[in-house]
Amino acid sequence: MQAQAPTAPIVLIGLMGAGKSTVGPFVARRAGRRFIDADVALEQRSGRRIADIFATDGEAAFRALEHDVLAGVAGRSVRAGHRRAVGGSTGRGQPGAAGRRHGAGGG
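One structure accompanies this document, and this report is about it. Just so we're clear, the structure is a prediction, and the values are computed from it rather than from any experiment.

Regarding the pattern of salt bridges
Part 1 of the reasoning: Here the structure, examined in full by the defined rule, presents 4 salt bridges.
Part 2 of the reasoning: With its nearest N and O atoms 3.2 Å apart, the salt bridge here joins E59 to R63. Remark: R63 and E59 occur in helix α4 (residues 59-80); sequence separation between them is 4 residues, near one turn of the helix.
Part 3 of the reasoning: E59 gets classed as partly exposed once you look at its relative accessible area, which sits at 39%.
Part 4 of the reasoning: For E66, the salt bridge identified is with R63, shortest N-O distance 3.1 Å. Here E66 and its partner R63 are both found in helix α4, 3 residues apart, which amounts to about one turn of the helix.
Part 5 of the reasoning: Salt bridges sharing partners connect three or more residues here, namely E59, R63 and E66.

Overview of the nonpolar core
Part 1 of the reasoning: With 9 residues, the main nonpolar core is built from I36, A41, L42, I50, I53, F62, L65, V69 and V73.
Part 2 of the reasoning: Going through the elements one at a time, α2 (38-46), α3 (50-57) and α4 are the ones with two or more residues in this core.
Part 3 of the reasoning: Looking at this core, the element that brings in the most residues is α4, giving 4 residues.

A few points about α2
Since the α-helix advances by 3.6 residues per turn, residues separated by three or four positions end up pointing in the same direction.
Part 1 of the reasoning: Within the sequence span of α2, burial applies to A38, A41 and L42. Projected down its long axis, α2 carries its buried residues within an arc of 100 degrees, all on one side.
Part 2 of the reasoning: A distance of 2.9 Å separates the backbone nitrogen of D39 from a side-chain oxygen at the start of α2, and that oxygen is part of D37.
Part 3 of the reasoning: Following α2 by one or two positions, G47 has its phi on the positive side, about 75 degrees.

Conventions and cut-offs
- Residues numbered from 1 in each chain as written.
- Predicted model: local features only at pLDDT ≥ 70, side-chain atom pairs only at ≥ 80, totals over all residues.
- Heavy atoms only, no water.
- Salt bridge = Lys/Arg side-chain N within 4 Å of Asp/Glu carboxyl O.
- Helix = DSSP H or I, 4+ residues; strand = E, 2+ residues; numbered from the N terminus.
- Buried < 20%, exposed > 50% of the residue type's maximum accessible area, 1.4 Å probe, protein only.
- Core = buried A, V, L, I, M, F, W, Y, C linked by side-chain atoms within 4.5 Å.
- Arc of directions from axis to C-beta.
- Polar contact = N/O pair within 3.5 Å; in protein donor to acceptor, adjacent residues only side chain to side chain.

This is how it looks when you write it as structure tokens:
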């Protein structure tokens, strides 16, 4: 009997530099899914590098943009069964964030 692929998305959450963007493609490939890197999606949507957004607009503006991008990625990913990598502070200050678990990991 063959195991069925999970329908719920897998979200990699962790600190910058811990390996989310490195591990994510392997997890996605193993599950037969497409990998979405939230940082890449954010930079594509904004047309700016994350460092530039922080430097020019500050963390609050970056987090607002991050929240919007992740909401879009989450909706698309849940429907298509993709895997995502998101930053370690994802969810801080966002509705429903209190119940989220943050593990080590990152960038």
